[in-house]
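The primary structure of each chain is shown beneath.
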Amino acid sequence: MLDANRLRVLVEIAHAGSIAAAADRLSFTPPALSQQLTKLEREVGCVLVERGRTGATLTEAGRVLLEHGERVLGELRDAEAAVRAVAGDRPGRLSLGAFASAGKVLLPEALAAFGHEHPHVRLSLSDIEPPGGHGLVASGDLDLLVTHRYPGVPLPRSGGLHRERLLVDPLMAVAPTGHPITDNELSLADLAGEEWICGAPGIHNRISLDTAAAAAGVRLTVAYETRDYEVALALIEAGVGVALIPRSILGAARGGGWVSRPLRGTRLAREIYTVHRSRPPEPVPAMVATLRRTAARALRTGRAPEPHGSGPGPDPR
């Protein structure tokens, strides 16, 4: 039978990206951690990690064992939590991971409300960009993940985790004040001659834009590459370019000089999800309920203020 502590070594190496970083997280020396990995490889009879000068890369066998190892560690942590609950111990911590714009739009209100209702729980937050984080939830390193999916981007495998759609966040066409979009809903074809602001190739919002353009049969020019929506809005306010921006981001934005409208002929939206283990102990369900309430308010208020132009388009659900 495989040793759970050695499985943890493999999981930490995968999460940290190198033997040295994993050793630091586990309070090992790198040679000692490497010895544990070698013993694990002997147990399974194959190489699990390719060691390189720039880090550690899991082999195909290593990736297979990682998926099982994450679940094993998560089950062990669940078992410990269940026993402590029977003994009368209340959970004292909750670790969350979330992408950057969720940290601005959803989490401040949710964390404040949860902290008021559960003052005994110590909260922690990590910045995790999609598609990352699912393995951390599976292993129990994270209690709860807030992640997203853009049109054209597949969801990662859930690996037996529970994934719940929290919010459908429409993508709005945003342009400088005075642009023709102020008075009319325009299609992607109508905006084909514009200079676009979007993430670099491979970034989720860029994949979404490219997928929508291909479906519309048009070619768009991304002149300004940024994944930061605040930078995109600042450029638009300066009269530079147009962009697709989630409605919740617009509702939280300050400043002026832009207008927003839904695209004609398509209803694009990013979907925001919570991810946790299938049988989450408290206080995870309580935090999910708090996030649901916050998300409902974000959808109602997540629109451009009146000075910025028209209100939101239809919910694409």
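Structure first, text after, so check above.
Reading the values: the criteria
- Residues numbered from 1 in each chain as written.
- Predicted model: local features only at pLDDT ≥ 70, side-chain atom pairs only at ≥ 80, totals over all residues.
- Heavy atoms only, no water.
- Helix = DSSP H or I, 4+ residues; strand = E, 2+ residues; numbered from the N terminus.
- Buried < 20%, exposed > 50% of the residue type's maximum accessible area, 1.4 Å probe, protein only.
- Contact = heavy atoms within 4.5 Å.
- Areas by Shrake-Rupley, 256 points an atom, 1.4 Å probe, with all protein chains shown as cover.
- Lys, Arg positive; Asp, Glu negative; His and termini not counted.
- Charge placed at Lys NZ, Arg CZ, Asp CG, Glu CD.
- Core = buried A, V, L, I, M, F, W, Y, C linked by side-chain atoms within 4.5 Å.
- Pairing = 2+ DSSP bridges.
- Polar contact = N/O pair within 3.5 Å; in protein donor to acceptor, adjacent residues only side chain to side chain.
- Salt bridge = Lys/Arg side-chain N within 4 Å of Asp/Glu carboxyl O.

J.: I'm lost on the overall build of the chain in this one. Help?
T.: A tally of regular secondary structure across the chain gives 11 helices and 11 strands. Along the longest, intermediate and shortest principal axes, the C-alpha atoms of the chain span 65 × 45 × 30 Å. Out of the 317 residues in the chain, the part that is buried amounts to 45%. Within the chain, contacts between residues at least 6 apart in sequence are counted, and of these 76% link residues at least 24 apart. Working note: accessible area of the chain is about 15300 Å², and carbon and sulfur atoms make up 52% of it. Charge centroids of the chain, computed over 36 positive and 35 negative side chains, lie 3 Å from each other.

J.: In this structure, what is going on with the nonpolar core? I would like to understand it.
T.: Most often, soluble globular proteins have nonpolar side chains that are buried together. By size, the foremost hydrophobic cluster in this structure holds 58 residues, and its most contacted members are Val174, Leu188, Trp196, Leu209, Leu244, Ile245 and Leu291. Other than its neighbours up to four places away in sequence, leucine 244 contacts Leu171, Met172, Ala173, Trp196, Leu209, Tyr229, Leu263 and Leu268.

J.: Looking at this model, I keep getting lost on the pairing of strand 1 (residues 49-52). Mind explaining?
T.: On any regular strand, side chains alternate: one points to one face of the sheet, the next to the other face. Where strand 1 and strand 2 (residues 55-58) come together, 4 bridges link them in antiparallel fashion. Counted as the bridge partner of arginine 51 is alanine 56 from strand 2. Hairpin geometry of strand 1 and strand 2 is characterised by an intervening segment of 2 residues between the two adjacent antiparallel strands.

J.: What should I look at first to understand the side chain of serine 18 in this one?
T.: Within the element layout of this structure, serine 18 appears in the loop between helix 1 (4-16) and helix 2 (19-26). A distance of 3.0 Å separates a polar side-chain atom of serine 18 from the backbone nitrogen of alanine 21. Not counting the four nearest positions on each side in its chain, serine 18 is found in contact with Ile13, Gly55 and Ala56.

J.: Help me understand the pattern of salt bridges in this model?
T.: Note on pairing: side chains with opposite charge can pair once their charged atoms come close. Applying the stated criterion across every chain, the model contains 22 salt bridges. Between arginine 77 and aspartate 141 there is a salt bridge whose closest N-O contact spans 3.4 Å. On the criterion of sequence distance, the pair formed by arginine 77 in helix 4 (residues 60-86) and aspartate 141 in the loop between helix 7 (134-139) and strand 5 (144-149) is long-range, its members being 64 residues apart. Classification of arginine 77 by relative accessible area gives partly exposed; the value is 31%. Exposure remark for aspartate 141: the relative accessible area of 23% places this residue in the partly exposed category. Where arginine 292 meets glutamate 164, a salt bridge forms, and the shortest distance between an N and an O atom there is 2.6 Å.

J.: Sorry if this is basic, but what is going on with the side chain of threonine 290 here?
T.: Residue position: threonine 290 is located in helix 11 (residues 284-301). Residue contacts for threonine 290: discarding those within four places in its chain leaves Ala110, Ala113, Phe114 and Glu117.

J.: Quick question: what am I supposed to make of the environment of glycine 132 here?
T.: Tracing the chain through its elements places glycine 132 in the loop between strand 4 (122-127) and helix 7. Glycine 132 gets classed as partly exposed once you look at its relative accessible area, which sits at 27%. Between the C-alpha atom of glycine 132 and that of alanine 98, which follows or precedes it by 34 residues, the distance is 9.7 Å.

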